Amino acid sequence: MSKESSFDIVSKVDLSEVNNAIQTALKEIENRFDFKGSKSKITLEKEELVLVSDDEFKLGQVKDILIGKLVKREVPIKNLDYGKVEPAAGGTVRQRVKLVQGIDKENAKKINTIIKDAGLKVKTQIQDDQIRVTGKSKDELQQIILAIRKSDLPLDVQFINYR
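Residues numbered from 1 in each chain as written. Predicted model: local features only at pLDDT ≥ 70, side-chain atom pairs only at ≥ 80, totals over all residues. Heavy atoms only, no water.

### Things to note about the overall build of the protein
Thinking step 1. When you go through the protein residue by residue, the secondary structure sums to four helices and nine strands.
Thinking step 2. In the protein, the succession of helices and strands from N to C terminus is β-α-β-β-α-β-β-β-α-β-β-α-β.
Thinking step 3. For 163 residues, the compact-globule formula gives about 15 Å, and the C-alpha radius of gyration of the protein, at 20 Å, lies well above that figure.
Thinking step 4. Projected onto its principal axes, the C-alpha coordinates of the protein cover approximately 70 × 25 × 25 Å.
Thinking step 5. Here the protein holds 163 residues, and 39% of them are scored as buried.
Thinking step 6. For the protein, restricting intrachain contacts to residue pairs at least 6 apart in sequence, the fraction spanning at least 24 positions comes to 62%.
Thinking step 7. Looking at the protein, you have 30 positive and 26 negative side-chain charges, and the mean spots of the two groups are 3 Å apart. (Helix = DSSP H or I, 4+ residues; strand = E, 2+ residues; numbered from the N terminus. Rg over C-alpha atoms; globule rule 2.2 N^0.38 Å. Buried < 20%, exposed > 50% of the residue type's maximum accessible area, 1.4 Å probe, protein only. Contact = heavy atoms within 4.5 Å. Lys, Arg positive; Asp, Glu negative; His and termini not counted. Charge placed at Lys NZ, Arg CZ, Asp CG, Glu CD.)

Take a look at the structure:
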């Protein structure tokens, strides 16, 4: 009898890489001429980024710099959930950006639908914020990974514990 193979589908953001991206973005903001005398800053509070700048235009530039640094560090930018721009102290504006960790129920259902539509003999099991996929054939599991990668999900997913 053949042994079952499995892998887990997760959605995680590496906070140390986010922190490194913030540090390099802050250095660039510090050195750029158009930010001289600006009150622009980026902070990480638990699993939420807080962007602060003088006005909405500069806030947009801060966001662009940060996204560039996150992409270089291979942090999935699909997992950023932007809040609305709100006024802050000292005539500045603030925007909170939530880092999405884990797969919520709605996205888990979308992933399950993609797996079922593939028509392969695999089983799925939702475990908290991740999904385990098991099957007898490793080829079928690889086809599932390919199908999920091709699909347009609103968050970035990783495949771990492949055995």
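That covers the picture; the talk isn't over yet.
### Topic: the pattern of salt bridges
Should the charged atoms of two oppositely charged side chains come close, the side chains can pair.
Thinking step 1. Tallied over the full model, the rule gives 11 salt bridges.
Thinking step 2. Here Asp54 makes a salt bridge to Lys58, at a shortest N to O gap of 3.7 Å.
Thinking step 3. The exposure class assigned to Asp54 is partly exposed, which follows from its relative accessible area of 23%.
Thinking step 4. With its nearest N and O atoms 4.0 Å apart, the salt bridge here joins Asp152 to Lys78. (Salt bridge = Lys/Arg side-chain N within 4 Å of Asp/Glu carboxyl O.)

### Describing the domain arrangement of the protein
Where the parts come together, the accessible area they lose is often given as the size of the interface.
Thinking step 1. By domain assignment, the protein separates into domain 1 (5-12 + 102-160) and domain 2 (15-99).
Thinking step 2. Here the C-alpha centroids of domain 1 and domain 2 sit 32 Å apart. (Domains from an automatic or database assignment.)

### Re the side chain of Asn79
Thinking step 1. With respect to the helices and strands, Asn79 occurs in the loop between helix H2 (56-72) and strand S4 (80-82).
Thinking step 2. At 2.8 Å, the side chain of Asn79 and the backbone nitrogen of Asp156 are in polar contact. (Polar contact = N/O pair within 3.5 Å; in protein donor to acceptor, adjacent residues only side chain to side chain.)

### Considerations on the sheet that holds strand S8 (residues 130-135)
Thinking step 1. The strand order across the open sheet built from four strands is S7-S8-S1-S9, with neighbouring strands paired in antiparallel fashion. With one partner strand each, in any of the chains shown, strand S7 (122-127) and strand S9 (158-160) form the two edges of the open sheet. On average, adjacent strands in this sheet sit at an angle of 25° to one another, irrespective of strand direction.
Thinking step 2. Packing against the sheet, helix H3 (residues 105-117) makes contact with strand S1 (5-10), S7 and S8, and its axis sits at approximately 175° to S7.
Thinking step 3. Helix-sheet contacts for helix H4 (residues 138-150) involve S1, S7, S8 and S9, and the interaxial angle to S1 is about 15°. (Pairing = 2+ DSSP bridges. Axes fitted to C-alpha atoms, helices over the stretch in contact; angles between N-to-C directions.)

### Thoughts on the packing of H3 against H4
Thinking step 1. At their nearest, the axes of H3 and H4 sit 10 Å apart, and the two run at 125° to each other. When the axes of H3 and H4 are compared, the pair comes out oblique. Where H3 crosses over H4, the handedness of that crossing is right-handed. Facing H3, whose interface residues are Ile111, Ile114 and Ile115, H4 presents Ile144, Ala147 and Ile148.
Thinking step 2. Looking at the contact of H3 with H4 residue by residue, the classes come out as six nonpolar, no polar and no charged. (Parallel < 35°, antiparallel > 145°, perpendicular 65-115°, else oblique. Left-handed = near helix turned anticlockwise from the far one by under 90°. Nonpolar A, V, L, I, M, F, W, Y, C, P; charged D, E, K, R; others polar.)

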